[in-house]
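Structural characterization, general
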Amino acid sequence: MQTEIIWLSPAGALLLGYLLGAIPFGMILTAMAGGGDLRSIGSGNIGATNVLRTGRKGLAAATLLLDVAKGWAAVYLTSLVFPGNELLAAAAAFLGHCYPIWLKFRGGKGVATLMGIALALYWPCALVYAVIWLGLLATLRISSMAGMTAALSTPVSAAWFGRFDLVLLFLALALLTLWKHRTNIERLIAGEEPRIGGTR
């Protein structure tokens, strides 16, 4: 009985995080707006960048904000319901976004959700994340490069701020972000990665 009680909170945190992270807001919003199945558009990704390819900037912005929000909510709600298991919920939310069971584990790349997670766990890391992400988007206009660089900033900024308890989690999520962007990396190396706006 004692073992079951010990495992209840971690299991609850993992389930809560995964279920929140696995909500495909990009697909839902695009379908509700009459845009069809987002997976058949552009890159087939369910994130905000691909929603932008539909030409609906408002939907893209909403997708971005909601993907950030679900990462934040997973950690925050866990702190209320299953305190002490926030890191588990954060990891589960990220995995839920990248590998949602109801989309046959073909989800997004985690950039916005990781920002929400950072915001909930330690907001200064999220501030660094946002500055790097938005700064590179504005200058380079290459979404993948901006997202990957921002993700890699999280373990570095966590260490810089002395939050060594977060470094391993952020490093793992950043590396998974790179893995999800592996085709983008190949295009970057080949000089074929498209820029926001349609030019290279």
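Just above, that's the structure.
For every chain, the first residue of the written sequence is number 1, and numbering continues from 1 along that sequence. The predicted nature of this model means local features are confined to residues of pLDDT at least 70 and side-chain atom pairs, given and counted, to a pLDDT of 80 or more, with totals for whole chains, interfaces and linings taken over all residues. The basis for every side-chain value is the complete set of heavy atoms in the structure, and neither hydrogens nor water enter the calculation.

Formed by 28 residues in total, the largest nonpolar core has its most connected members in Phe-94, Leu-114, Ile-117, Leu-121, Tyr-129, Trp-133 and Phe-170. Elements with a minimum of two residues in this core: helix H4 (57-81), helix H5 (86-98), helix H6 (111-121), helix H7 (123-139), helix H8 (143-160) and helix H9 (164-180). Once residues lying within four places of it in the same chain are set aside, the contact partners of Leu-114 are Phe-94, Tyr-129, Ala-151, Thr-154, Phe-170, Leu-173 and Thr-177. Nonpolar cores are built from buried Ala, Val, Leu, Ile, Met, Phe, Trp, Tyr and Cys residues. Side-chain atoms within 4.5 Å join them into one set. Working definition: with a 1.4 Å probe on protein chains only, accessible area under 20% of the residue-type maximum means buried, over 50% means exposed, and in between means partly exposed. If you look at the next biggest cluster of nonpolar residues, it comprises nine residues, including Leu-38, Ile-41, Ile-46 and Leu-59. Note on conventions: DSSP H or I runs of at least 4 residues are helices, E runs of at least 2 residues are strands, and numbering of each starts at the N terminus. Whether two residues are in contact is decided by their heavy atoms, any of which lying within 4.5 Å being enough.

Taken together, Trp-72, Tyr-76, Leu-77, Leu-80, Val-81, Leu-119, Trp-123, Leu-127 and Val-131 make up a surface patch of nonpolar side chains, about 900 Å² in accessible area. For the nonpolar patch, the elements supplying multiple residues, two or more each, are H4 and H7. Note on placement: Val-131 falls in helix H7. Since its relative accessible area comes to 57%, Val-131 is described here as exposed. Patch rule: a residue counts if its relative accessible area is over 30% and it has no salt bridge; like charges are joined within 9 Å, and nonpolar side chains (Val, Leu, Ile, Met, Phe, Trp, Tyr) within 5 Å. The protein chains shown are the only cover counted for residues, whose accessible areas, like all others here, come from Shrake-Rupley with a 1.4 Å probe. By convention in these notes, a salt bridge is any Lys or Arg side-chain nitrogen within 4 Å of a carboxyl oxygen on Asp or Glu.

This part covers the environment of Lys-104. Mapped onto the elements, Lys-104 comes out in the loop between H5 and H6. The exposure class assigned to Lys-104 is exposed, which follows from its relative accessible area of 71%. Once the C-alpha coordinates of Lys-104 and Pro-155 are considered, the two residues, 51 residues apart in sequence, prove to be 30 Å apart.

The next subject is the environment of Pro-100. Structurally, the position occupied by Pro-100 is in the loop between H5 and H6. Relative accessible area serves as the criterion here: at 0%, Pro-100 is assigned to the buried category. Along the primary structure Pro-100 and Ala-112 are separated by twelve residues, whereas in three dimensions their C-alpha atoms are 15 Å apart. The contacts of Pro-100, once residues within four sequence positions are left out, are Tyr-18, Ala-22, Leu-95, Phe-105, Arg-106 and Gly-107.

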